[in-house]
Amino acid sequence: MEDGNDELLTQGGFERVTDYDLVIDQCLKELMDVGHLDSVESLDAIGFKTVLGKDLTGCVEADEKVIEALEGFEAVAPAHNPVYANGIRKFREKIPSVTSVALFETAFYQWKPEVAQRYAIPKKWHDAGVQRWGFHGASHKFIAERSAELLGRDDVAENARQLYVKGPSKIEGKPLRVISCHLGGSSSVTAIRNGVAIGCSMGFSPQSGLPQNNRVGDLDSMAIPYIAKTLDISLVEAERQLTKESGLLGVSGISNDVRDLEEAMEEGNTDAKFAFDLLVHDIRHWIGAYAFELGGVDALVFTAGIGENGQMLRAQVCEGLEEFGLVLDKGVNDKTRGKEVKISAEDSKVAIYVIPANEELVIAKEVYRFMKNRG
Ligand code: AMP
């Protein structure tokens with residue numbers, strides 16, 4: 001990677017990992033086999049999309065401090081933090097000469113207003129870290145950059161690109177207001193003004209906001225002590241049900257995957273339809289809130305698995321919003337899957353886009369900048 005010259009050389013993935021040593025060895029071997037690496041030591045850096053760190057955010061060297069910060073919030077992001085801490089540790093053990101860099105998902109939200117950061121809780125809770133952090137930062141940052149490019153706002157795109165290096169710059173003229181919907185296995189809506197996030201539907205943990213695949217989304221805090229008593233279950237069991245048996249899976253009773261819900265809906269399954277409707281309802285709720293907070297919307301963007309492929313969901317999210325300037329081109333929307341396309345009608349005041357997620361590019365660019373800046 002060079003300035004202004006980034007090219008994707010290869011990509012791949014591993015699923016259902018149980019042995020990290022094996023996977024790391026395999027991954028490095030594959031990179032050497034296809035000729036992208038002469039030796040493991042010839043790597044300059046490795047980037048990690050870390051989720052939530054206690055008392056730590058931004059783009060930083062993934063050293064013991066990062067591992068400690070991830071472990072400090074292990075209970076808040078149990079599906080993510082232990083995996084990243086483990087992965088970073090293994091890479092550092094295996095190839096200590098190669099720098100590991102962590103870009104926290106919370107980094108994109110460092111500049112949001114204080115009122116969007118604070119819950120109405122005692123100060124000592126806040127100081128202990130119970131705050132609205134915001135997640136999917138790499139994905140939403142890519143949308144901030146790409147949507148500004150598509151709308152011809154190079155000033156805003158540059159502001160978004162340089163965010164972690166320079167912080168936000170002053171933008172002259174009309175602000176660019178974008179609502180980014182990352183809808184996938186895990187989903188969030190983020191409001192972006194001039195390339196800078198001002199709020200996210202996910203708060204303290206990736207468990208909040210929209211209904212997730214099998215995780216609950218927003219829930220009144222009183223529900224937990226109430227249900228523990230009423231169903232005579234422990235807090236641990238309540239947490240398990242909220243993180244494993246809730247969300248789309250819990251409501252539909254069928255699946256955590258929108259493809260399965262759509263299939264079941266076609267066969268007349270009303271629970272599947274209800275889960276789907278609930279997701280649509282909550283996405284619209286957040287879009288509405290952020291349209292007000294931003295003082296209007298210039299672009300609405302759909303990204304990630306459901307956002308890129310879910311034609312029916314996109315159509316329902318945009319239904320009846322003509323008065324607010326959002327008019328979908330139904331024909332284009334129906335044909336659009338997994339590629340970058342403007343799906344709004346000619347007469348839509350708000351541009352509506354499908355933009356494929358590209359978190360890896362954001363991580364790669366930030367790692368490159370990190371390495372360059374430290375010389
Ligand atoms: P992601 O986390 O971005 O990989 O998104 C994965 C999710 O996207 C899956 O769990 C599905 O709910 C959804 N998805 C993937 N493909 C489709 C599709 N063709 N139509 C609707 N939803 C889809």
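Scroll up to find the structure.
Residues numbered from 1 in each chain as written. Predicted model: local features only at pLDDT ≥ 70, side-chain atom pairs only at ≥ 80, totals over all residues. Heavy atoms only, no water.

Asker: Teacher, can you tell me more about the environment of S188 here?
Answerer: Within the element layout of this structure, S188 appears in strand β5 (residues 188-193). Owing to a relative accessible area of 0%, S188 belongs among the buried residues under this scheme. When residues no more than four places from it in sequence are discounted, the contact partners of S188 are F135, H136, H140, S180, C181, H182, C200, S201, M202 and L210. A distance of 2.7 Å separates the side chain of S188 from the side chain of H136, its partner in a polar contact. (Helix = DSSP H or I, 4+ residues; strand = E, 2+ residues; numbered from the N terminus. Buried < 20%, exposed > 50% of the residue type's maximum accessible area, 1.4 Å probe, protein only. Contact = heavy atoms within 4.5 Å. Polar contact = N/O pair within 3.5 Å; in protein donor to acceptor, adjacent residues only side chain to side chain.)

Asker: Can you help me understand the environment of L163 in this one?
Answerer: With respect to the helices, strands and loops of the structure, L163 is situated in helix α7 (residues 163-166). Judged by relative accessible area, L163 falls into the buried class, the value being 0%. Residues L163 and G195, 32 residues apart in the sequence, show an inter-C-alpha distance of 8.4 Å. Discounting residues that sit within four places of it in the chain, L163 has contacts with F108, W111, K141, P168, G195 and V196.

Asker: Is there a simple way to explain the packing of helix α1 (residues 20-33) against helix α3 (residues 81-94) in this structure?
Answerer: The axes of two packed helices give the description: the angle between them and the distance between them. Put simply, α1 and α3 touch, their axes get as near as 10 Å, and they point 60° apart. Classified by the angle between their axes, α1 and α3 sit oblique to one another. In this structure, the crossing between α1 and α3 has a hand that is right-handed. Residues Y20, D21, I24 and D25 of α1 form the contact with α3, whose own contacting residues are V83, N86, G87, K90, F91 and K94. For the contact of α1 with α3, the class distribution of residues is four nonpolar, two polar and four charged. (Axes fitted to C-alpha atoms, helices over the stretch in contact; angles between N-to-C directions. Parallel < 35°, antiparallel > 145°, perpendicular 65-115°, else oblique. Left-handed = near helix turned anticlockwise from the far one by under 90°. Nonpolar A, V, L, I, M, F, W, Y, C, P; charged D, E, K, R; others polar.)

Asker: Help me understand the sheet that holds strand β2 (residues 59-61) in this model?
Answerer: Hydrogen bonds between backbone groups are what pair the strands of a sheet, and the pairing can be parallel or antiparallel. The three strands lie next to each other as β1-β3-β2, forming an open sheet whose pairing is mixed. Two strands in the sheet have a free side with no partner beyond their single neighbour: β1 (45-48) and β2. Within this sheet the neighbouring strands show an average axis-to-axis angle of 25°, counted without direction. Note: β2 against strand β3 (residues 99-103), three bridges, orientation antiparallel. When the sheet's bridge partners are listed, V60 is paired in β3 with A102. Along the sheet, α3 makes contact with β1 and β3, crossing β1 at roughly 175°. (Pairing = 2+ DSSP bridges.)

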